[in-house]
Amino acid sequence: MKEWLTAREIAAETLPDMPNTERGVQLVAERGAWDTHPTYARSRKGRGGGLEFHYRLLPTLAQIAYVQKHMTVGAEPVEPKTIIVDAPIIAGKAGEERDARLAIMAAFETFSRGLRLNKQACIAVFCDKYQMGSVKVDAWVKERIPTVGRRTLWRWLSVKACGKIEALAVDRSKARAGKGILETAYNGAVKAFILAWIATNPALAADAIRGYVEDEYGKELLDANGELKELPPLRTFQHFIKGLKASEKVVLTAITNPDKYRSTMKLRGTGSYQWITRANELWMIDASPGDAMLIDGRHSIYVCIDVATRWMTITVTKTPRASAVGLLMRKAILRSGICSTVKTDNGSDFVARDTQRLFTALDITAERSEAFTPEEKAFVERAIKTVQHSFFTQLPGYIGHNVSERKAIEERKSFAQRLGDVEIETFSASVTAEQLQQQLDDWLEYKYHHDQHGGLFGKTPAQAVAEKTDVIRRVDERALDVLLMPVAGKDGMRRMTAQGIKIDENYYICSSILPGTDVFVRLDPIDMGKVYVFDLKDGRFIDEAICPKLSNINRPAFVKAKKQEFNAMVADRTRGIKADVRALQKGPSGIERTIRLAKKKSAEREEQNANVIPMPRREEPHSTPQISAALDAISSADRPATFELTAAQMEMHARIERELGLQPLTAPEGATPIRKEETPQQRFQRWFDIDQRYRAGEPVDGELLIALGEYKAGVEWKVQMGMRETFGDQAPVLRT
């Protein structure tokens, strides 16, 4: 009898409870998840492929009809085996229990077929024969259910007749799960106490933990019903701790072994970079020690991978440093062009000033992953693992990926053979760093880039690169070499002095830079006597600077030539300035220009405020005893001596006063006055008298007061008033 059938063959059998078309059988198989069963579904061999199903996946009536249809008369009766009916898949012990019960019921139906007994008698006979082992069933069924009682079989048949086949799935261990004394004691406090000790030290024995519980809670525990129960025996603790370690495996691993949790259990977010589709859109770079010993010691590798194409670039370096990152970027850029973004971790070589300066100069966005989160740059981490496991394992001098592998490799030689050997001899190292770099390049070019990649859906990195049509941004190799040159000091900033640019106690001379200019300096890695000078603000190249001490040149002649160039440059730049200085010297002085501008602005302000007259402010004399004493001293000192004058003396005194203008001259009758307008002194005196009348409280016309305010705001009032305050009654205003 054929046991494995395709959907078309099942439809052709026209079995009860089964469709008669191939598509109908396929739909039944999909609903029943036949293809997920580990033992009763398999791939069809031969042309066309597809699936084949065991006839035991068919419904019960269909199975019986198929067996009866193909059973050969006279042949040995077909013994019942495991029968899986059209029921949902249940895994674990419960599923095995259900399948075993269904197998026993199928064996009973086969056994009772043809017997001239009622159902009760058939059940009695079958149960007796099953107890004696006369009913042939699979060994696992007998092991799962060694005996069957009459009432038990009646109950199973009733449940099956009601269509509640899933009720036959029973896992008694799960039915008791979570109800043990150690689970429920003190509302779970004992369980938490034990879990804390396991997290503290996973190597603790169950006996020790039982002692801790007894010390903390005593010999009796309070269960969920509030009853005191005796502390369980050691065996119970062993089973409970074993189950607790299994159920809380992830949590315990996160506490006791964070690295293992992060690498094997922590959620990764696979596919989070599927939006990266353009070549050179995102690169990831990282470094790792190579798992092989070289002739010149162990070296590290720097790996750069393009996320979109998985194209990889590798460089070898003795120790991780910023210059190695620069060499990796140079190699990758010359091969693939400039990328848009680079993602790194927070290693000192990636956050160094030289590395960040290189990214800035190339207009590359640098992104850093969070500390201790290698999953954020999973592509390069996986690339490094591929290199370590696929390439380094084939090298002579392989030292293993971990301590245990390294120990196993070392133990290939006896202790006596290893005694006194250095690592190079122990691991049989025979490759140099240059050879390793060449072998890595060849492995990438001829092997890795032509292997199918799961992340590229079966394509190779070479195919992925060839299919991309994105524009490749290229950089001139010479410019790239200049950007990779080391800088002077930590930040490359220097100041030009009269002696030159000082770098490590040496002075580099450049005739095209003026002293006091701040510049950015890069060192020539080949010629120690030459540096390249750039503008500190915009990065523009200025000139080269030469150190005569470190260069093989005639120092006096070089310095003399540079001085001549410098003097010529300064003379050329000062020639125009000197001409402007001479032109300025011929015109007004600086203070004259300042006063002229101030007068111009003052006239503009007066013109703008012509209709604004400030109101006069009230004034009063201020006096103290000291001020009064000072005035008395001045008055007594300046008071002339009094004496009587003769008539001739009085006449002479009057004539002198007239000559000095201290008294106004009276014009003779009939004389024509020469001056028709009043003088500034006379005008000031007139307004001064009006002001005194106003201060004394006498009535003064309002328009006259407005005119007084305008006059007092002018220069004439201030000058004449200053003279009056200085000279008192002897001021010229009184003698005009």
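Residues numbered from 1 in each chain as written. Predicted model: local features only at pLDDT ≥ 70, side-chain atom pairs only at ≥ 80, totals over all residues. Heavy atoms only, no water.

Some remarks on the overall build of the protein
Here is the rule: Comment: elements are numbered from the N terminus, with helices defined as DSSP H or I runs of at least four residues and strands as E runs of at least two. Relative accessible area decides the class of each residue, using a 1.4 Å probe on protein chains only: under 20% of the type maximum gives buried, over 50% gives exposed, and in between gives partly exposed. By definition, residues are in contact when any of their heavy atoms lie within 4.5 Å. What sets the accessible areas is the Shrake-Rupley method with a 1.4 Å probe; for residues, cover comes only from the shown protein chains.
Helices and strands together make up the secondary structure of the protein, namely 31 helices and 16 strands. Burial analysis of the protein (736 residues in total) assigns 33% to the buried set. Taking the contacts inside the protein whose residues are at least 6 apart along the sequence as the reference set, 58% of them involve residues at least 24 apart. Accessible area for the protein stands at about 46600 Å²; split by element, carbon and sulfur atoms hold 54% of it.

Looking at the packing of helix H29 (residues 680-695) against helix H31 (residues 715-727)
Keep this limit in mind: Lines are fitted to the C-alpha atoms to define the axes, a helix being fitted only along its stretch in contact, and any angle between axes, read from their N-to-C directions, falls within 0 to 180 degrees. Small angles under 35 degrees read as roughly parallel and large ones over 145 as roughly antiparallel, with 65 to 115 read as roughly perpendicular and the rest as oblique. Each residue gets one of three labels, nonpolar for Ala, Val, Leu, Ile, Met, Phe, Trp, Tyr, Cys and Pro, charged for Asp, Glu, Lys and Arg, and polar for the others, Gly among them.
Viewed as axis vectors pointing N to C, H29 and H31 meet at an angle of 80 degrees, and their least axial separation amounts to 10 Å. If you check the angle between H29 and H31, you find them roughly perpendicular. For the pair H29 and H31, the contacting residues are Pro680, Gln681, Arg683, Phe684, Gln685, Trp687, Phe688 and Asp691 in the first and Glu716, Trp717, Gln720, Met721 and Arg724 in the second. Its residues assigned to classes, the contact of H29 with H31 shows 6 nonpolar, 3 polar and 4 charged.

Concerning the nonpolar core
For clarity, the threshold we go by: Residues enter a nonpolar core if they are buried and are Ala, Val, Leu, Ile, Met, Phe, Trp, Tyr or Cys, with the set joined through side-chain atoms within 4.5 Å.
Ranked by size, the top nonpolar core spans 29 residues in total, and within it Val387 and Leu436 carry the most contacts. Ignoring any residue separated from it by four or fewer positions in sequence, one finds Val387 in contact with Ile301, Met312, Ile314, Phe392, Leu440 and Trp443. Leu102, Ile104, Leu153 and Leu157 belong to the second largest nonpolar core, which has 22 residues in total.

Brief notes about the sheet that holds strand S11 (residues 493-495)
Definition in use: DSSP calls a pair of strands paired once it identifies at least 2 bridges connecting them.
The strand order S11-S14-S15-S16 describes an open sheet built from 4 strands, whose pairing is antiparallel. Only two strands of the sheet have a single neighbouring strand rather than two, namely S11 and strand S16 (541-546). Ignoring which end each strand starts from, the neighbouring axes of this sheet average 40 degrees apart. Judged from the 5 bridges that link them, strand S15 (residues 530-535) and S16 form a sheet pairing that is antiparallel. Each residue of the ladder has a partner; that of Val531, found in S16, is Ala545.

Observations regarding the packing of aromatic side chains
Heads up, the rule is: Paired rings are identified among Phe, Tyr and Trp, the last through its six-membered ring, by centres lying within 6.5 Å, and are further divided according to the angle between planes into stacked (under 30 degrees), edge-to-face (over 60) and tilted (the rest). Placement of a charge over a ring requires the Lys NZ or Arg CZ to be within 6 Å of the ring centre, with the centre-to-atom vector within 35 degrees of the ring normal.
Applying the stated criterion to the full structure yields 20 aromatic pairs. Pairing Tyr711 with Trp717 gives two aromatic rings, centres 5.9 Å apart and planes at 85 degrees, and the pair type is edge-to-face. The exposure class of Tyr711 is buried, given its relative accessible area of 11%. The buried category is assigned to Trp717, whose relative accessible area is 8%. Members of the aromatic cluster, each reached through a chain of ring pairs, are Tyr186, Phe193, Trp197, Tyr212 and Tyr217. The aromatic ring of Tyr130 is capped on one face by Lys142, whose charged end is 4.0 Å from the ring centroid.

Focus: the pattern of salt bridges
Quick reminder of the rule: Here, a salt bridge means any side-chain nitrogen of Lys or Arg that lies within 4 Å of a carboxyl oxygen of Asp or Glu.
Scanning the model with the defined rule gives 35 salt bridges in all. In this structure, Glu9 engages Lys2 in a salt bridge whose closest nitrogen and oxygen atoms are separated by 2.8 Å. Assessed through its relative accessible area of 30%, Glu9 is described here as partly exposed. A salt bridge links Lys447 to Asp451; the shortest N-O distance between them is 2.6 Å. Classification of Lys447 as partly exposed rests on a relative accessible area of 41%.

A word on the packing of helix H10 (residues 189-200) against helix H12 (residues 234-247)
At a closest axis distance of 11 Å, the pairing of H10 and H12 adopts a crossing angle of 70 degrees. Here H10 is positioned roughly perpendicular relative to H12, judged by the angle of their axes. Side by side, H10 and H12 meet where Lys191, Ile194, Leu195 and Ile198 of the first sit next to Phe237, Phe240, Ile241, Leu244 and Lys245 of the second. Classifying every residue of the contact of H10 with H12 by side-chain character gives 7 nonpolar, no polar and 2 charged.

A word on the side chain of Glu52
In this structure, Glu52 sits in strand S3 (residues 51-54). The class for Glu52 is buried, based on a relative accessible area of 13%.

Some points on the environment of Gln437
Put simply, the rule reads: Any N or O atom pair separated by 3.5 Å or less is treated as a polar contact, with the protein-specific requirement of one donor-capable and one acceptor-capable atom, and with residues adjacent in sequence counted only for side-chain atom pairs.
Inspection of the secondary structure assignment puts Gln437 in helix H22 (residues 433-446). Between the alpha carbons of Gln437 and Thr317 there is a distance of 9.3 Å; along the sequence they are 120 residues apart. Among residues more than four places away in sequence, those in contact with Gln437 are Ile314, Thr315, Val316 and Lys331. At a separation of 2.7 Å, a polar atom in the side chain of Gln437 contacts the main-chain amide nitrogen of Val316.

Overview of the environment of Ser288
As for its position among the elements, Ser288 is in strand S6 (residues 282-294). The class of Ser288 is buried, set by a relative accessible area of 17%. Once residues within four sequence positions are removed from consideration, Ser288 is found in contact with Ser300, Ile301, Ile384 and Gln388.

Topic: the confidence of the model for the protein
For clarity, the cut-off: Along the chain, pLDDT gives the predictor's confidence residue by residue, from 0 to 100.
On average, residues of the protein score 83 in pLDDT, and 88% of them reach the 70 mark or higher. A low-confidence stretch, residues 72-86 (pLDDT under 50), is modelled with 34 contacts involving residues beyond four sequence positions or located in other chains.

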